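Chain by chain, the residues:
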Amino acid sequence: LPRLFCMCIALVVYTLGGKAWYDAEIKVIEGRHQIPLYFAVVVFSVLVDWLTLWPTTLKARIFHPDSGNLRANMTVYKLSVPSIDDPMPYIVMEDEGPIGEYNR
């Protein structure tokens, strides 16, 4: 949505501004064969946004809004032994299911 908003602003500036100057600058970029560079910048921007927002979708599946302060946790742990009879059980990161996917 922010990209669409900025694209609309750029279109308004292009159409209402000095269109001849912008066309000349675009020709310079085409002449230097830099279009793939600009395309790579856009793809990198989309990748960064996706990598930043993907963990929040996983976290929303695990921690519910009424979880309180649990949503601040970066990782989820579990006891490594099935019984609690052990006086000092190991605690490890969960690595299975949606919680394990979030921990990775």
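The sections below set out a description of the structure shown in this document. (Residues numbered from 1 in each chain as written. Predicted model: local features only at pLDDT ≥ 70, side-chain atom pairs only at ≥ 80, totals over all residues. Heavy atoms only, no water.)

### So, the overall build of the protein chain
Link 1 in the chain: Counting its secondary structure elements, the protein chain contains four helices and two strands.
Link 2 in the chain: Element order for the protein chain, N to C, with α for helix and β for strand: α-α-α-β-β-α.
Link 3 in the chain: Relative to its 104 residues, the protein chain shows a buried fraction of 9%.
Link 4 in the chain: Looking at the protein chain alone, contacts between residues at least 24 apart form 30% of all its contacts between residues at least 6 apart.
Link 5 in the chain: Roughly 8800 Å² of accessible area belongs to the protein chain as shown, and the carbon and sulfur atoms make up 70% of that amount. (Helix = DSSP H or I, 4+ residues; strand = E, 2+ residues; numbered from the N terminus. Buried < 20%, exposed > 50% of the residue type's maximum accessible area, 1.4 Å probe, protein only. Contact = heavy atoms within 4.5 Å. Areas by Shrake-Rupley, 256 points an atom, 1.4 Å probe, with all protein chains shown as cover.)

### Things to note about unusual backbone geometry
Link 1 in the chain: For His33, which is not glycine, the phi torsion reads 55° and is therefore positive.
Link 2 in the chain: Counting through the fold element by element, His33 comes out in the loop between helix H2 (19-31) and helix H3 (35-62).
Link 3 in the chain: By relative accessible area, which is 67% here, His33 ends up exposed.

### Focus on a nonpolar patch on the surface
Link 1 in the chain: A contiguous nonpolar surface patch, about 600 Å² in accessible area, is contributed by Phe44, Leu47, Val48, Trp50, Leu51 and Trp54.
Link 2 in the chain: By the element assignment, Trp50 lies in helix H3. (Patch = residues over 30% accessible without salt bridge, like charges linked within 9 Å, V, L, I, M, F, W, Y side chains within 5 Å. Salt bridge = Lys/Arg side-chain N within 4 Å of Asp/Glu carboxyl O.)

### As for the environment of Thr75
Link 1 in the chain: Tracing the sequence through the fold places Thr75 in the loop between H3 and strand E1 (77-79).
Link 2 in the chain: Taking relative accessible area as the criterion, Thr75 reaches 24% and is therefore assigned partly exposed.
Link 3 in the chain: When the C-alpha atoms of Thr75 and Tyr102 are compared, they prove to be 7.8 Å apart, with 27 residues separating the residues in sequence.
Link 4 in the chain: For Thr75, the contacting residues outside a window of four places in its chain are Met93 and Asn103.

### Quick look at the packing of aromatic side chains
Link 1 in the chain: Counted under the stated rule, the structure contains three aromatic pairs.
Link 2 in the chain: When the centroid spacing of 6.1 Å and the interplanar angle of 50° are considered together, the rings of Tyr14 and Tyr22 count as tilted.
Link 3 in the chain: Relative to Tyr22, the ring of Trp21 lies with its centre 5.2 Å away and its plane at 70°, an arrangement referred to as edge-to-face. (Phe/Tyr/Trp six-rings, centres within 6.5 Å; stacked < 30°, edge-to-face > 60°.)

### Here we look at the pattern of salt bridges
Note on pairing: side chains with opposite charge can pair once their charged atoms come close.
Link 1 in the chain: The full count for this structure, using the stated rule, is two salt bridges.
Link 2 in the chain: Here Arg3 makes a salt bridge to Asp49, at a shortest N to O gap of 2.5 Å. Placement of the pair is Arg3 in helix H1 (residues 2-16) and Asp49 in helix H3, with a sequence separation of 46 residues.
Link 3 in the chain: By relative accessible area, Asp49 is classed as partly exposed at 36%.
Link 4 in the chain: Measuring nitrogen to oxygen at the nearest pair gives 3.8 Å for the salt bridge that ties Lys27 to Glu30. Taken together, the residues span about one helical turn, with Lys27 and Glu30 both in helix H2 at a distance of three residues.
Link 5 in the chain: You can call Glu30 partly exposed: its relative accessible area is 36%.

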